[in-house]
Amino acid sequence: MNLLNINFNLEYFLSRFSVIGKFLPVTLGIAIFSMLIGLLIALVIAFLLDLKITGLNKILRTYISFFRGTPLMVQLFIFYFGFPQVFPRLAQIPIYIVAVYVMSINGSAYMSETIRASINSVDKIQLESALSIGMTKYQAMKRIILPQAARIAIPPLGNTFISLVQGTAITFLLGVKEIMAVAKISASSTYKFLENYLVVGIIYWIITLVFTNLLNRLETKMNKAY
Amino acid sequence: MLKVKGLYKSFGNLDVLKNINLNVDKGKVVVIIGPSGSGKSTLLRSLNLLEQPDKGSIKIDDIKIDASNISKIDTLNLRKSTSMVFQHFGLFKNKTALENVMEGLLVVKKIKYSEAMKLGKYFMDKVGLPDKYDSYPSQLSGGQKQRVAIARAMAIKPKVMLFDEPTSALDPELVNEVLKVMQNLAHENMTMVIVTHEMKFAEKVADEIIFMDKGEIIDKGSSDYIFYKSDNPRINNFIKDL
Ligand SMILES: Nc1ncnc2c1ncn2[C@@H]1O[C@H](COP(=O)(O)OP(=O)(O)OP(=O)(O)O)[C@@H](O)[C@H]1O
Ligand SMILES: [Mg+2]
């Protein structure tokens, strides 16, 4: 189809959704694993920071500052291309794994801050009330503070997930075959740049919309509780 | 029953408690009064180990705590036998009123759920809130919140209840419903240490009134003595200014 002489092949464009979409599981897989592992690391960091050990806190603060203060792409390059130069055995780690662990680390830097801020936003007197009737700090955290913090943390954690999904687009630079990589390869070989990149853009957009919608529903549901 | 000996506490180089000695017999109500910043809250919080005293000892029946060496077990035991009612309620916002009262029963006393529910309702009824079991704190008035907080503190069957200005954050018209509940507790011979600015109430319920200033107990005695007979100028000034 060549309407009004515009160089845009609609049929080709539409057909790309299924071709590129086939690789959606790779994109989502990397994002979801990064999110889960990142969340775990973030919880550990938040817990360690709370111990208030001066030396350890400095190290953790530096970690957070570095991974928030540098582009994800640079981090991926350092880990994937840089480190194997010094530790050759690292070169054997599959790219998917490297992508997941770099993105986990990146996400953890943001999420540890989110977690800390959410815990701090639950008023301290609830913790004191719990302690004052003989609950341990662990019991108080688990039953009173963390459930409330979780509710506060959900919107910013959702945003981190969206960033991670979009961040997966860069992993094609390492050779990960996800939706962006497929779009790029087809675009270069057919010169149909707009069709391919538009399709991949729309797919990212739809993921974000669907996820945001789920998140909003979750939030409304949780807000109803109290 | 409650014996405090030589208690000291400082924040940085600010000495907030200086050699506090205090005895409260079983079933007695002790009211602490004194100017702002005199250390009343810090004293109560130390009795519950929300603040760690620097020196001195606290004894409740057979639980003995020495400030020089406070173990986790001691801390838990002491907290199980004292409970605190705060000025700003501190209700668990993710739990209903009834669940707030049940929490300590389930988690601290390890009572099984159905039994805890029964007890929880009993204490909710006791503070006059039989119709608010399922309300969340955000749905309660200040006076109701404080009554739930008192029910929660009563539920663990403490040996001593500590109250830190329980009515100071309340609208004036809600003060009485809370004082009424406390008065009932006094009649049931609950041992209580109360910090309050409600002097009429203090006069009514106190077996002993303690006057604190600048981290020290300046004087103590019956309400009749403190309010009308003491010739200590600091006390007279404080009372005159109320
Ligand atoms: N956590 C803390 N860190 C530093 N200083 C504190 C802390 N808690 C209390 N203080 C200080 O200790 C002193 C006594 O405070 P406290 O709250 O015990 O007084 P209070 O008699 O309860 O006063 P009020 O009637 O205003 O409640 C005050 O000077 C206060 O600023
Ligand atoms: Mg105070």
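See the structure shown above.
Here we summarise the structure given alongside this text. (Residues numbered from 1 in each chain as written. Chains lettered and ligands numbered in written order. Predicted model: local features only at pLDDT ≥ 70, side-chain atom pairs only at ≥ 80, totals over all residues. Heavy atoms only, no water.)

Observations regarding the overall build of chain B
Alright, step 1. Along its length, chain B carries nine helices and 10 strands.
Alright, step 2. The C-alpha radius of gyration computed for chain B amounts to 18 Å, which stays within 12% of the reference 18 Å derived for 242 residues, consistent with globular compactness.
Alright, step 3. In terms of principal-axis extent, the alpha carbons of chain B reach across some 55 × 45 × 30 Å.
Alright, step 4. Sorting the 242 residues of chain B into buried and exposed places 56% on the buried side.
Alright, step 5. Of the contacts formed within chain B by residues at least 6 apart in sequence, a portion of 64% connects residues at least 24 apart.
Alright, step 6. When the 36 basic and 30 acidic side-chain charges of chain B are each reduced to a single mean position, those positions are 5 Å apart. (Helix = DSSP H or I, 4+ residues; strand = E, 2+ residues; numbered from the N terminus. Rg over C-alpha atoms; globule rule 2.2 N^0.38 Å. Buried < 20%, exposed > 50% of the residue type's maximum accessible area, 1.4 Å probe, protein only. Contact = heavy atoms within 4.5 Å. Lys, Arg positive; Asp, Glu negative; His and termini not counted. Charge placed at Lys NZ, Arg CZ, Asp CG, Glu CD.)

Topic: the pairing of strand 5 (residues 63–66) of chain B
Residues and elements named next belong to chain B.
Alright, step 1. Burial along strand 5 is one-sided: the face carrying Ile-63 and Ile-65 is buried and the face carrying Lys-64 and Asp-66 is not.
Alright, step 2. Of the strand pairs in this sheet, strand 4 (residues 55–60) and strand 5 are connected by four bridges, and their pairing is antiparallel. Paired with Ile-60 across the strands is Ile-63, a residue of strand 5.
Alright, step 3. What sits between the antiparallel neighbours strand 4 and strand 5 is a turn of two residues, in which Asp-61 has the positive phi angle 45°. (Pairing = 2+ DSSP bridges.)

Examining the site of ligand 1
Residues and elements named next belong to chain B.
Alright, step 1. Around ligand 1, the neighbouring residues are Phe-11, Leu-14, Val-16, Pro-35, Ser-36, Gly-37, Ser-38, Gly-39, Lys-40, Ser-41, Thr-42 and Glu-165.
Alright, step 2. With respect to ligand 1, the side chain of Ser-36 contributes an N or O atom lying 2.6 Å from an oxygen atom.
Alright, step 3. When isolated, ligand 1 has an accessible area of 630 Å², and the protein chains bury 59% of it.
Alright, step 4. At the level of secondary structure, the elements contributing two or more residues to the shell around ligand 1 comprise strand 2 (14–24) and helix 1 (40–47).
Alright, step 5. With three residues, the single largest contributor to the shell around ligand 1 is helix 1.
Alright, step 6. Counted by class, the shell around ligand 1 contains four nonpolar, six polar and two charged residues. (Near = heavy atom within 4 Å. Polar contact = N/O pair within 3.5 Å; in protein donor to acceptor, adjacent residues only side chain to side chain. Areas by Shrake-Rupley, 256 points an atom, 1.4 Å probe, with all protein chains shown as cover. Nonpolar A, V, L, I, M, F, W, Y, C, P; charged D, E, K, R; others polar.)

Some points on the packing of aromatic side chains
Alright, step 1. Tallied over the entire structure, the rule returns 15 aromatic pairs over all chains.
Alright, step 2. Plain terms: the ring middles of A:Phe8 and A:Phe13 are 5.2 Å apart, the flat faces sit at 50° to each other, and that makes the pair tilted. Across the pair, exposure class does not vary: A:Phe8 and A:Phe13 are buried alike.
Alright, step 3. When the centroid spacing of 4.7 Å and the interplanar angle of 50° are considered together, the rings of A:Phe161 and A:Phe211 count as tilted. Taken as a pair, A:Phe161 in helix 7 (residues 137–167) and A:Phe211 in helix 9 (residues 193–225) lie far apart in primary sequence, 50 residues in all.
Alright, step 4. In this structure A:Phe161 comes out as buried when scored by relative accessible area, which is 10%.
Alright, step 5. Each member of the aromatic cluster is reached from another via a ring pair, and the members are A:Tyr63, A:Phe66, A:Phe67, A:Phe79, A:Phe83 and A:Tyr101.
Alright, step 6. Its guanidinium or amino end placed over the ring of B:Tyr8, B:Lys55 lies 4.6 Å from that ring's centre, counting from NZ or CZ. (Phe/Tyr/Trp six-rings, centres within 6.5 Å; stacked < 30°, edge-to-face > 60°. Lys NZ or Arg CZ within 6 Å of the ring centre and 35° of its normal.)

Thoughts on the pattern of salt bridges
Alright, step 1. For the coordinates displayed, the defined rule picks out 15 salt bridges over all chains.
Alright, step 2. B:Arg147 is paired through a salt bridge with B:Glu177; the nearest N and O atoms lie 2.8 Å apart. Note that B:Arg147 is positioned in helix 5 (residues 142–155) and B:Glu177 in helix 6 (residues 172–187), a separation of 30 residues in sequence.
Alright, step 3. Overall, the relative accessible area of 11% leaves B:Arg147 in the buried class.
Alright, step 4. Between B:Asp224 and B:Lys229 there is a salt bridge whose closest N-O contact spans 2.3 Å.
Alright, step 5. The exposed category is assigned to B:Lys229, whose relative accessible area is 55%.
Alright, step 6. Each of the salt bridges in this network shares a partner with another, and the network as a whole consists of A:Lys124, A:Glu128, B:Arg45 and B:Glu51. (Salt bridge = Lys/Arg side-chain N within 4 Å of Asp/Glu carboxyl O.)

Side note on helix 4 (residues 113–126) of chain B
All names here are of chain B.
Alright, step 1. Along its 14 residues, helix 4 runs 20 Å from first to last C-alpha, staying within 8% of the 20 Å computed at 1.5 Å per residue.
Alright, step 2. Those residues of helix 4 that sit buried are Ala-116, Gly-120, Phe-123 and Met-124. Projection of helix 4 onto a plane perpendicular to its axis shows the buried side chains occupying an angular sector of 100°, all on one side.
Alright, step 3. On its buried side, helix 4 packs onto helix 3 (97–107) and helix 5.
Alright, step 4. Count one or two residues on from helix 4 and you reach Gly-128, which has phi positive near 80°. (Expected span 1.5 Å × (residues − 1). Arc of directions from axis to C-beta.)

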